[in-house]
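Observations on the three-dimensional arrangement
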Amino acid sequence: QVQLVESGGGLVQAGGSLRLSCVASGRAFSRYHMAWFRQGPGKEREFVARITWNGAVPYYADSVKGRFTISRDNAKNTVYLQMNSLKPEDTAVYFCAASSIATTRISEYNYWGQGTQVTVSS
């Protein structure tokens, strides 16, 4: 089992920045590929970014490429999502998730956090 707890969400004006954190406990964090997903109001959950177990290969959704950066610190059992140039359409609950497969498919992620709300005002 892996337990994931996100933090760092909040209210920010358009153009601003936030950094989300996700701390893992339980089985060896460094074994898992990690990802961030989000679910906006009335929308399905969607992929945002993922990073491999060693942090070598980040991958982003087109909607956030160039604005968001995913990173991880295996010594701290933590994955981060740095979000810059935020837009109102980035408003969503953001979830971190862990998988044994480096993928964008939601169904392949076995462990999920409870989510953190990000609200971007115009």
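Please read these numbers as outputs of a predicted model, since none were measured by experiment.

A few words on the state of the cysteines. Tallying each qualifying case throughout the model produces 1 disulfide. In this model Cys22 forms its disulfide with Cys96; the gap between the sulfur atoms is 1.9 Å. For the disulfide bridge between Cys22 and Cys96, the dihedral angle about the S-S bond is near 50 degrees, and by the sign convention the bridge is right-handed. Here Cys22 is found in strand E3 (residues 18-26), whereas its partner Cys96 is found in strand E9 (residues 92-99), with 74 residues between them in sequence. Comparing Cys22 with Cys96, the two get one shared label, buried.

Counted under the stated rule, the structure contains 7 aromatic pairs. With centroids separated by 5.2 Å and ring planes inclined at 75 degrees, the aromatic side chains of Phe37 and Tyr109 adopt a geometry described as edge-to-face. Pair noted here: Phe37 is in strand E4 (residues 33-39) and Tyr109 is in the loop between E9 and strand E10 (111-112), with a separation of 72 residues, a long-range link. Like Tyr109, Phe37 is buried. Seen in terms of ring centroids, Tyr109 and Trp112 are 6.4 Å apart; in terms of plane orientation they differ by 65 degrees. Their pairing is edge-to-face.

Tracing the chain through its elements places Ser99 in strand E9. Residue class for Ser99 comes out buried when judged on its relative accessible area of 0%. Among the polar contacts listed, one links the side chain of Ser99 to the backbone oxygen of Glu108, at a separation of 2.8 Å. Once you skip the residues sitting within four places of it in the chain, Ser99 turns out to touch Tyr32, His33, Glu108, Tyr109 and Asn110.

So, about the sheet that holds strand E8 (residues 78-83). Spatially, E1-E3-E8-E7 is the arrangement adopted by the 4 strands of the open sheet, whose pairing is antiparallel. Each edge of the open sheet carries a strand with a single partner, namely strand E1 (2-7) and strand E7 (68-73). Pairwise comparison of adjacent strand axes, ignoring direction, gives a mean angle of 15 degrees for this sheet. Pairing between E3 and E8: 6 bridges, direction antiparallel. Note on E8: the bridge partner recorded for Val23 is Thr78.

Calculation notes
- Counting from 1, residues in each chain are numbered in the order their sequence is written.
- Only residues with pLDDT of at least 70 get local features here, since the model is predicted, and only at 80 or more are side-chain atom pairs given and counted; chain-wide, interface and lining totals rely on the full set of residues.
- Side-chain numbers come from the whole structure's heavy atoms, not from hydrogens or water.
- Any two cysteine sulfur atoms lying within 2.5 Å of each other are counted as a disulfide.
- Only DSSP runs of H or I reaching four residues or more are called helices, and only runs of E reaching two or more are called strands; each is numbered from the N terminus.
- Classification of residues uses two cut-offs on accessible area relative to the type maximum, computed with a 1.4 Å probe and protein chains only: under 20% is buried, over 50% is exposed, and between them is partly exposed.
- Note on aromatic pairs: the rings of Phe, Tyr and Trp (six-membered ring only in Trp) are paired at centre separations within 6.5 Å, and the planes decide the class, stacked below 30 degrees, edge-to-face beyond 60, tilted for the rest.
- Think of a polar contact as two N or O atoms within 3.5 Å of one another; within protein, one of them needs to be a possible hydrogen donor and the other a possible acceptor, and neighboring residues in sequence only count if both atoms come from side chains.
- For this analysis, residues touch if any pair of their heavy atoms sits within 4.5 Å.
- Any two strands are treated as partners once DSSP identifies two or more bridges connecting them.
- Here the axes come from fitting lines to C-alpha atoms, over the contacting stretch only for helices, and the angles between their N-to-C directions go from 0 to 180 degrees.

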